[in-house]
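Spelled out from the first residue to the last, the chains are:
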Amino acid sequence: MDTLSALRTITSVLDVKEQKERPLIECLLDHIRNKCMLLVFDNCEHLIDFCSSLIERLLSASPRVGILATSQEPLNIGLERVWRIPPLTFPTDNESRDHIGHDAILSCESVQLFIERATAVSPTFRVTEENVKIVGRICKRLEGIPLSIELVAARTNVLSIEQIDERLSDMFAVLTAGKRTAAPRHQSLRATLEWSFALLTEQERALLRKLSAFTGGFELEAVEHICTDEESNPSLGQFDRQESLNLVASLYNKSFLSVDSASGGPRRRYAMIEAIKQFGCEQWERHSTDEERERMIRRFVEHYCRFVERAERGFRSRDRDAAFVAIRREYANIRSALRIACDHPREVGAAIRMASCLYYYWLHEGTLQEGSAQLQTALTKHSQASVQEHVVKAKHGLSVLLWVMGEVEKAEDLARQSADEARKLGHPALLASQLRMLAQLASRSGLADEAIRLAEESVLHARDSGDDWSLASSLSSLSNILVVQQLWERAEPLLVESAMLFEKVKDDLELSGPLRALGYIALNRRKPREALALYKRSIAICQTYQGTWFLARGIEGLVSSLCELEEYRAAATLIGVSEKLLAKLGSAAQPQFQLIYEQVKRTCRLECGDEAFNEAIAIGRGMTREQAISYALEV
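Residues numbered from 1 in each chain as written. Predicted model: local features only at pLDDT ≥ 70, side-chain atom pairs only at ≥ 80, totals over all residues. Heavy atoms only, no water.

Overview of the overall build of the chain
The cut-off we apply is this: Each helix is a run of H or I in the DSSP string that is no shorter than four residues. Each strand is a run of E no shorter than two, and both are numbered from the N terminus. Here's how the labels work: a residue is buried when its accessible area is under 20% of the maximum for its type, exposed when over 50%, partly exposed in between, all with a 1.4 Å probe on protein chains only. We call two residues contacting when some pair of their heavy atoms lies within 4.5 Å. Each accessible area value is a Shrake-Rupley result obtained with a 1.4 Å probe; residue values ignore everything except the protein chains displayed when judging cover. For this count, His and the chain ends are skipped, Lys and Arg are scored as positive, and Asp and Glu as negative. We put the charge of a Lys on NZ, of an Arg on CZ, of an Asp on CG and of a Glu on CD.
Looking only at helices and strands, the chain has 31 helices and five strands in total. Dimensions of the chain along its principal axes, counting C-alpha atoms only, are 110 × 60 × 50 Å. Taking all 635 residues of the chain together, the buried fraction comes to 51%. Relative to all contacts within the chain whose residues are 6 or more apart in sequence, the contacts with residues 24 or more apart total 66%. Entry remark: accessible area of the chain is about 30,600 Å², with carbon and sulfur atoms responsible for 49%. Between the centroid of the 79 positive side chains of the chain and the centroid of its 89 negative side chains there is a distance of 1 Å.

Quick look at the nonpolar core
Rules: By nonpolar core we mean a set of buried residues, namely Ala, Val, Leu, Ile, Met, Phe, Trp, Tyr and Cys, connected to one another through side-chain atoms within 4.5 Å.
In this structure, Phe 114, Leu 211, Ile 327 and Trp 362 are the most contacted members of the largest nonpolar core, which totals 180 residues. The leading source of residues in this core is helix H17 (residues 348-365), at twelve residues. In this structure, Leu 211 is in contact with Phe 218, Val 223, Cys 227, Leu 251, Leu 257 and Met 272, ignoring residues within four places of it in sequence. With 25 residues, the next largest nonpolar core counts Val 16, Ile 25, Leu 28 and Ile 77 among its residues.

Quick notes on a nonpolar patch on the surface
Put simply, the test is: For patches, a residue must show more than 30% relative accessible area and have no salt bridge; joins then use 9 Å for like charges and 5 Å for nonpolar side chains, namely Val, Leu, Ile, Met, Phe, Trp and Tyr. Here, a salt bridge means any Lys or Arg side-chain nitrogen found within 4 Å of an Asp or Glu carboxyl oxygen.
Residues Leu 38, Val 40 and Leu 68 make up a contiguous nonpolar surface patch of roughly 320 Å² in combined accessible area. Within the fold, Leu 68 resides in strand E2 (residues 65-69).

Here's the deal with the pairing of E2
Stated formally: At least two bridges found by DSSP between two strands is the condition for calling them paired. Clockwise travel from the first strand over the helix to the second, with the strands pointing away from the viewer, marks a crossover as right-handed.
Looking at chain direction, strand E1 (residues 37-41) and E2 are connected through five bridges and run parallel. Directly across from Phe 41, in E2, lies its bridge partner Ala 69. In this fold, E1 hands off to helix H3 (residues 48-61), which returns the chain to E2; that crossover is right-handed.

A short note on unusual backbone geometry
Phi at Lys 506 takes a positive value of approximately 65°, unusual for a residue other than glycine. Among the structural elements, Lys 506 can be located in the loop between helix H24 (488-504) and helix H25 (508-524). Positive phi is not limited to glycine here, since Glu 566 has a value of about 65°. Mapped onto the secondary structure, Glu 566 falls in the loop between helix H27 (549-564) and helix H28 (568-585).

As for the environment of Gln 203
As a reminder of what qualifies: Polar contact is defined as a pair of N or O atoms within 3.5 Å, subject to the rule that within protein one atom must be able to donate a hydrogen and the other to accept it, and that residues adjacent in sequence are counted only when both atoms are side-chain atoms.
Mapped onto the elements of the fold, Gln 203 is located in helix H11 (residues 202-211). Linking Gln 203 and Gln 238, residues 35 residues apart in sequence, is a C-alpha distance of 5.9 Å. With sequence-adjacent residues up to four places away left out, Gln 203 is seen in contact with Ser 232, Asn 233, Pro 234, Gly 237, Gln 238, Phe 239, Glu 243 and Leu 247. Only 3.5 Å separates the side chain of Gln 203 from the side chain of Ser 232, close enough to count as a polar contact.

Details of the sheet that holds strand E3 (residues 218-219)
Pairing is antiparallel across the open sheet formed by three strands, whose spatial order is E3-E5-E4. Looking along the sheet, the strands with just one partner apiece sit at the ends: E3 and strand E4 (258-259).

Thoughts on the packing of aromatic side chains
Keep this limit in mind: For Phe, Tyr and Trp, rings pair up if their centres lie within 6.5 Å, where Trp contributes its six-membered ring, and each pair is then called stacked (planes under 30 degrees apart), edge-to-face (over 60) or tilted (otherwise). Put simply, a charge is over a ring when the Lys NZ or the Arg CZ is close to the ring centre, within 6 Å, and near the line of the ring normal, within 35 degrees.
Considering all chains together, one arrives at 15 aromatic pairs under this definition. Relative to Tyr 360, the ring of Tyr 359 has its centre 6.3 Å away and its plane inclined at 85°; by these criteria the two rings are edge-to-face. Residue Tyr 359 is classed as buried on the basis of its relative accessible area, which comes to 7%. Among the aromatic residues, those joined into a cluster by ring pairs are Phe 315, Phe 324, Tyr 331, Tyr 359, Tyr 360, Tyr 361, Trp 469 and Phe 502. In this structure, Arg 84 packs its charged tip against the face of Tyr 252, placed 3.8 Å from the ring centre. The cationic tip of Arg 316 hangs over the ring face of Trp 469; the distance from NZ or CZ to the ring centre is 4.6 Å.

Structural data, given as C-alpha cells:
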C-alpha cells in the first residue's frame, strides 16, 4: 500500500468527504478538529515515515484525539509513549528442574496458550505428569512468542509432544501450520520474519546476519570489534564502527533485538530470540562470501580470546569475583569461539591460548569434565613444532583437572611433560606451578621424600620469579605435604607466610588453603575450637564462589573438628554433604587427608549407631549448596 492509498483508506473509514481543489489531508484534519476520539493505526512499520508524519499532524490538530499505534519500531515523534509488548511468560530454568512442582509450569501464559491451541486442533490432547515438563521446555525454547506457540501447537494433531521437542532445532520446518484465512505473513514463522526482514535497510540486514554468530547475548563492544567493515557503503550493506551503535539501536527499535536485563553487569547486553537467530544464520550462509566468513571467524575468535586473557589476569587477585562473573556472562560465546578455533587450523593457536587461561575457571566452577574435554581437544588439534608457553600452560591445566577427577596416571604424565618444557623455556613461575603439581602427585603416591624435594624446588623457583601469588601457592603446597606427614612444626611457619602473601595479593579464595592446613595443626594440638573457627572462616570464603573443590576441603576439616568436640550427629550430616560434593567433582575424587577423614567417619558411625549415622548422611546429601554452607557456619 502506498501513502495515497493509505490516506484514502483512513478517510474512508472516518467517512471524510473529499473536496475539489483541496488536499485530502486538510479535509481529514478539519474532520477531526475539536472531536474526541481514539484512532487505532495497526502495523505502521511498512509506512513508518508516512504514519509518523500523519499522526503528528492529527495530534496537533486536535488535543482531544488519542492514537494507539502498533509498529515494529517507535514512530519517534513528540508526545509518543512507547510500550514494548513483552512475550508471554514461559518457564525458567529453575521451574524446569525435577524438584519444582508442575503448577509453576502450568501457571505460565505461554503454556496456557499452548494447551488452549493444542486442545482446539487435537481434542484428545492432554497435559500429563509425564509430558508437562516437555510442554514447558517447548514454550521456553519458543521464548513466549504467541505466533510461534500457536504454530507449534497446531502440529499436535500429527506429532507427539516428544517429536515436536526433538524437531525444534529446525523451527522453520515445524512452525508452518498457520490458518488459511490469516494474512500470508502469519501463516508461517518464516513468512513473518521474511516480511519483517524486507523492511530493513541493507546495512541493518547485514548486521542482523552477522549477529547470528553470537550465542547467549552480546555487548556493543563485541559488535564493534567483530561485525564492522573497514569502510561504510550503505548500498552494499557495509558499515563502520561509528555506525554500529545506530544500527544496533535500530534493530532493537524494530524488535529484532531485546535487552538482556537479567544479565546484570555495567554494560548493556543485547539478545536475539532463537527463531530470529536461526533465520539470521540462514541468511548469513546464503549471502556471505568465503572472504566474509573467514574475516568473521578470525575476528570472533580473536575478540573472545583477548576477552579471556584480560579476565584471567584477575583470577589470582582481589578481582577474581568480577573476572569469574565476566566469564560466566560471556561463556556461551567463549565456548563457541573455542569450538570454532579448534575447527579451523589457522585459529588453533587461539584455542590453546583460551583453554590455557580457562583451566583455573573450570577448576573453581566445578565444571571439570567440560574443562578437561576442551583442553584435550585444543591440545590434540595443535601441532606443536616447538616448546610454547601456552601449550605448557594448557598441559599443566589439564593435569590439574585430571588430578582432581582422580585420573592420576594421566595427570602425572602431563605434569612431567609440562615441567620438562617449562625448564626448557626458562620460565620460573610456570615451572613452579608444574613442580607443585608433581609434588602433590608424589605425596598421593606415598613418596614422601620425593614430594618434599619437588615442593621445596617449587618454592625456590617461585621466589626467583618475584611472583607473590606463585610463592604463596608453592609455600601452601609444601606445607600441605608436611601436614600429611605430620611434620607440624616445619609446616606452620610456611603456612603463616603463605597466608600473609595471599592476603597481600588480596586472594581470599586461595587464602582458605593455609587456613584449612592450620586447622589440622590446631586439631593435632588438641585445640578443636580453634580449628573449628579456621574451617568456618575457610567455608565462609567459599560462599561467593560456585566451585566445589575448596568448599569440599573446608567441610572435611569441619567434620574432624566436630568429631573432636563429640558433635557426632552434626559431623555425620556434614559427611553426607562432603560425599555429595566429592561426587560432583568426579567418582575418583578423594578427601584431602584421607586417613584422617576415614578415621573420623568410623568414629562417627560407632558413636551414632548405624541407623542414626545413615539418617544423618542422607540429610546431608539432600542439602542444597546454600543449605550446606548455612548449616556448616551455624553448627
